[in-house]
Structure formats: structure tokens, C-alpha cells
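# Architecture and fold: a report
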Amino acid sequence: MTVRSPIVLDSDPGIDDAVALQYLLGTGLWDLKAYTSVGGNLPADATYRNARSLARALRIDADVPVHRGAGRALSRLPYREATAFHGRAGLGEESLPDSTAPHPTESSAQALLRLSREHEGELTVCATGPLTNVAIALLEDPGFARRVAKFVFMGGAAQVPGNVTPVAEFNIWSDPDAAEIVLSSGIPFTMVDLDASHRWLFRPADLAALEAAGPGTALAARLMRTYTKAYTRHGGDGTCPLHDPLAVGVCGDEAFVATAEGAVIVECASELTRGQTVFVPVGARRVHYSESPSLTARLRVTGRVALGPGPRDFSDHFVTTLPHWPALP
């Protein structure tokens, strides 16, 4: 019998967050210890409500606690909802019943800290929204960074344009100060960015496969149909990227992406470039920022960055995995 590894999914649902949860459960790889919500695609109250509803729809709410995230970003930034892609309530046209499970007294950050102590050296944390909760955990206890075995997050753009500004991806732009705290902490990170997620697409044939797979994937099919339509309205070609599911996939198998080692520094001050993730690979041909001792030191804090698709087909794995954990129709 395969021992499932402990994991926390930190999420701002969100359509692709929703199907990322079903995909995580369908892989059979993970012992989901908590589902922690964070403000991002919608404000924190709405994402917490959606997370509880999804836990019910996926039949885990009796076993997996859903924790409410921070009420606001660390950064003093104007807030922008992503309702143009995710719908007014965040889950497309769905109106899912709330879970009847009790509301935990722990916040998302508190749950992350507790679980990192209970599963020191074993816990994987996957973040598919802004990094506010993870940053708060690190501010309260910097040792969180060394207790986590693996930290994978969806966010950033290393070598491609952003999707909310010319240089910034939405999750990082939403709370750049939180992202910089996390990426400078020494936590063992893998950044699953637009460089990779824009290369693994959900196609019309994938939608047809989900619709044909039966009632257990009916919710996912409806959500992905709405998501695809949103991308088409914004100039797409009938496909949509698998942003958040890809981050979950990389937690289990990095062969879904091609990675490089390097430092990632987040721009927090400039109105023009805030949220930009500046990637400096290890072994760069020239010495960067030699005139700045602080930046030179910062470049020593490195992790893994996805620069494109890997040899394993993620789109196919996503579609074939979802039926393994049926949702309520």
C-alpha cells in the first residue's frame, strides 16, 4: 500500500483552483491535511466560502478542515478581482451549497505553522493564489521555511510577459511584498509560472472528454467550459491554460515542466513594474548587481523555476485524473 505524503493546498478559488483540488484528490498521491483559503481572485470572505463549498462538493469536508485566510494583502495596493475570468462569485455560473462542517478557529497561516511542526521535513505546501498566508506564517516563525519539505506555487513570469501588467502575473501582483518575503526566506521553492502554464492548454477535445466521463466530472466540465469562454472573450483561441492544476501536478512530478535553478526577486516598489519576478539563473554569464551588496546576497537565495513544458504530457494527465475523484454533480 502506497503511503500518501502530507500536503496543504493554499488556494483562492477560482475556477482553476477548484479543478486543481479535484485533480489533487484524483492523483491518489496526497494526504490532504488542510485546505487553506486566501484572498486573490475574489476577496478573502468569498474565497473562504468557495473553498468550503468545494470541500463539500468533493466530499472531503468531514475530514479536511478549510481555514480562512488573511483579510487583506500585506501590500498597500489597489485590489482587483478576477471576476472577468472566474465569474462574479468566483466559480463561473455555479452556486454551490456551503459545507455544514464547523468553522476552524485557526487561520490559514496558523494551520500552516502547526502542520509544518507536526510533519517537519515531510510537508508539501502548494499555493495557487497570492502568497499572503505563507508570508504571514514566515513572519510569525521564520523556521517554517526549513520545516517544509517542498513548496510549489503558481505565480510569476520569468521570461514571458505578465497577464495583469506587461511584466507581472496576477498572483504575484496581488501581493508582491508577500511574494518577496517568501522567495527570500530560504524555503525550498519551485515556481510554476506563466512560462510553463501557458504551454499546457485545456482544449475542446479535453472538454468533450470530461463531459463524456460521467456525472463525477460534470462540475469540472461546467467550470472549464466557463473558463474557456472567458479566455475566448479575451482574445483566446478556444483553449485555456491549466495554471493552478499544473502547480499541483509539479508537486508530484517535476517532469511536467522544464526547470532551471536561480534566484527570483520580486519588484515591490515601482508602480510601473510592481509584481515583476526577476529571474537570475545560477551560473549566469555575467555578475549581476555587483555594486549592491544586498542584492548580491539576495541572489544566493535560489529555487527552481519552470521555464517551459517538460517531457510528460500534463494536459492529458489532468483530464484522465479528474474522474478518479468524482464530485457531486
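Shown above is the structure to which this text applies.
A brief report on the enclosed structure follows. (Residues numbered from 1 in each chain as written. Predicted model: local features only at pLDDT ≥ 70, side-chain atom pairs only at ≥ 80, totals over all residues. Heavy atoms only, no water.)

Our next topic: the overall build of the chain. Of the regular secondary structure elements, the chain holds 14 helices and 11 strands. Expected size for 329 residues packed as a compact globule is a radius of gyration near 20 Å; at 18 Å, the chain falls within 12% of this value. Based on the C-alpha atoms only, the size of the chain along its principal axes is roughly 60 × 45 × 45 Å. Residue burial in the chain is summarised as follows: out of 329 residues, 56% are buried. (Helix = DSSP H or I, 4+ residues; strand = E, 2+ residues; numbered from the N terminus. Rg over C-alpha atoms; globule rule 2.2 N^0.38 Å. Buried < 20%, exposed > 50% of the residue type's maximum accessible area, 1.4 Å probe, protein only.)

To continue, consider the nonpolar core. One finds Leu21, Leu32, Phe202, Leu246 and Phe318 to be the most contacted residues of the largest nonpolar core, which totals 56 residues. Broken down by element, the residue count for this core peaks at eight residues, all from helix H1 (residues 15-27). In this view, Phe318 contacts Val19, Tyr23, Phe202, Leu242 and Pro245; residues no more than four positions away in its chain are not counted. Judged by nonpolar contacts, the second largest core, of 32 residues, contains Ala34, Val125, Val134 and Ala178. (Core = buried A, V, L, I, M, F, W, Y, C linked by side-chain atoms within 4.5 Å. Contact = heavy atoms within 4.5 Å.)

On to the pattern of salt bridges. Counted according to the given criterion, the structure contains 16 salt bridges. Here Arg114 makes a salt bridge to Glu106, at a shortest N to O gap of 2.8 Å. Residue Arg114 is classed as partly exposed on the basis of its relative accessible area, which comes to 27%. Residue classification places Glu106 among the partly exposed residues on the basis of a relative accessible area of 21%. Linking Glu261 and Arg304 is a salt bridge whose minimum nitrogen-to-oxygen distance equals 3.7 Å. Placement of the pair is Glu261 in strand E9 (residues 257-266) and Arg304 in strand E11 (residues 303-309), with a sequence separation of 43 residues. Where salt bridges share partners, they join Glu106, Arg114 and Glu118 into one cluster. (Salt bridge = Lys/Arg side-chain N within 4 Å of Asp/Glu carboxyl O.)

To continue, consider the sheet that holds strand E2 (residues 30-37). Hydrogen bonds along the backbone pair up the strands of a sheet, which may run parallel or antiparallel. The mixed open sheet is built from nine strands, whose spatial order is E3-E2-E1-E4-E5-E6-E11-E9-E10. Either end of the sheet is taken by a strand with one partner, and the two such strands are strand E3 (66-67) and strand E10 (277-281). One ladder, built from six bridges, connects E9 with E11; its direction is antiparallel. Pairing of Glu261 across the sheet is with Arg304, part of E11. Each of strand E1 (5-11) and E2 touches H1; the most contacted strand, E2, lies at about 165 degrees to it. Strand contacts of helix H4 (residues 108-118): E1, E2, E3 and strand E4 (124-127), with the helix running at about 155 degrees to E2, the strand carrying the most contacts. (Pairing = 2+ DSSP bridges. Axes fitted to C-alpha atoms, helices over the stretch in contact; angles between N-to-C directions.)

This brings us to the packing of aromatic side chains. Tallying each qualifying case throughout the model produces eight aromatic pairs. Cluster of aromatic residues (ring-pair linked, three or more members): Tyr23, Phe202, Phe256, Phe314 and Phe318. (Phe/Tyr/Trp six-rings, centres within 6.5 Å; stacked < 30°, edge-to-face > 60°.)

It is at 8 Å that the axes of helix H5 (residues 132-140) and helix H8 (residues 176-183) come closest, and there the two elements cross at 55 degrees. In terms of orientation, H5 lies oblique with respect to H8. By crossing handedness, the relation of H5 to H8 is classed as left-handed. Across the interface between the two elements, Thr132, Val134, Ala135, Leu138 and Leu139 from H5 touch Ala178, Ile181 and Val182 from H8. Along the lines of polarity and charge, the residues of the contact of H5 with H8 split into seven nonpolar, one polar and no charged. (Parallel < 35°, antiparallel > 145°, perpendicular 65-115°, else oblique. Left-handed = near helix turned anticlockwise from the far one by under 90°. Nonpolar A, V, L, I, M, F, W, Y, C, P; charged D, E, K, R; others polar.)

Here we take up helix H10 (residues 204-212). Buried residues of H10: Asp206, Leu207 and Leu210, and no others. Buried residues along H10 cover an arc of 100 degrees about the axis, so they all sit on one side. Across H10 from its buried face, at more than 90 degrees, point the exposed residues Pro204, Ala205 and Ala212. On its buried face, H10 is in contact with strand E7 (201-202), helix H11 (218-233) and helix H14 (314-321). Two residues or fewer past H10, Gly214 is found with a positive phi of approximately 110 degrees. (Arc of directions from axis to C-beta.)

Before going further, it helps to spend a moment on the packing of H10 against H11. Orientation of H10 relative to H11, taken along the N-to-C sense of each, is 155 degrees, at an axis distance of 8 Å. In terms of axis orientation, H10 runs roughly antiparallel to H11. When you trace H10 past H11, the crossing you get is left-handed. Contacts from Leu207, Leu210 and Glu211 in H10 reach Ala220, Ala221 and Arg225 in H11. By residue class, the composition of the contact of H10 with H11 is four nonpolar, no polar and two charged.

Without other data, these values stay purely geometric and don't point to any function.
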